[in-house]
Amino acid sequence: MKRGFIAAAAILLAGVASAETVAELHENELKAIDTNNDGFLSKDEFNAFSDHAFQTMDEDKNGTLGLDEAKPFLDIKQFRGVDRDRDNAISRAEYDAQMNDDFLAADKNENGQLD
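This is a predicted model, so every value here is computed, not measured. (Residues numbered from 1 in each chain as written. Predicted model: local features only at pLDDT ≥ 70, side-chain atom pairs only at ≥ 80, totals over all residues. Heavy atoms only, no water.)

Taken as a class, soluble globular proteins show a tendency for nonpolar side chains to be buried jointly. In terms of nonpolar packing, the biggest core is built from 19 residues, with Phe46, Met57, Leu65, Ile90, Tyr95, Met99 and Leu114 touching the most fellow members. Among the elements of the structure, α4 (43-57), α6 (76-82) and α7 (92-106) are those that each provide at least two residues to this core. Per-element tally for this core: the top contributor is α4, with five residues. (Core = buried A, V, L, I, M, F, W, Y, C linked by side-chain atoms within 4.5 Å. Buried < 20%, exposed > 50% of the residue type's maximum accessible area, 1.4 Å probe, protein only. Helix = DSSP H or I, 4+ residues; strand = E, 2+ residues; numbered from the N terminus.)

Moving on, we get to the packing of aromatic side chains. One pass over the full model with this rule turns up three aromatic pairs. Look at Phe46 and Phe103: their rings are 5.0 Å apart centre to centre, the planes differ by 55°, and that puts the pair in the tilted class. Of this pair, Phe46 sits in helix α4 while Phe103 is found in helix α7, placing the two residues 57 residues apart along the sequence. An identical accessibility class is assigned to Phe46 and Phe103; each is buried. Taken together, the ring pairs in this structure connect Phe46, Phe49 and Phe103 into an aromatic cluster. (Phe/Tyr/Trp six-rings, centres within 6.5 Å; stacked < 30°, edge-to-face > 60°.)

Without other data, these values stay purely geometric and don't point to any function.
Next up, the structure:
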């Protein structure tokens with residue numbers, strides 16, 4: 001299931017987050033992310049998932065995602081899109097900014113949750 005969580009994060013980091021994308025998550029993964037089991041992903045649940053995904057991808061625990069750490073989940077174009085300062089590493093701030101942007105883009109009805 002670990003790989004599924006990271007794949008879900010990669011989908012979001014790739015900038016293709018949408019209600020359909022969230023709906024396509026494997027049922028078990030969605031249940032694990034939707035901690036209150038209401039069928040929606042709140043911002044808090046999304047942030048907890050996002051935090052877990054970053055920590056899992058950050059294999060060397062240095063607080064950034066290098067290309068080698070991200071390569072199984074992002075192609076080079078996606079990596080560069082998230083690496084906003086172009087230092088060849090995705091900092092936690094860059095990751096969080098992208099995940100926030102993705103959440104806002106996926107929250108089509110602006111109700112603070114992903115349906």
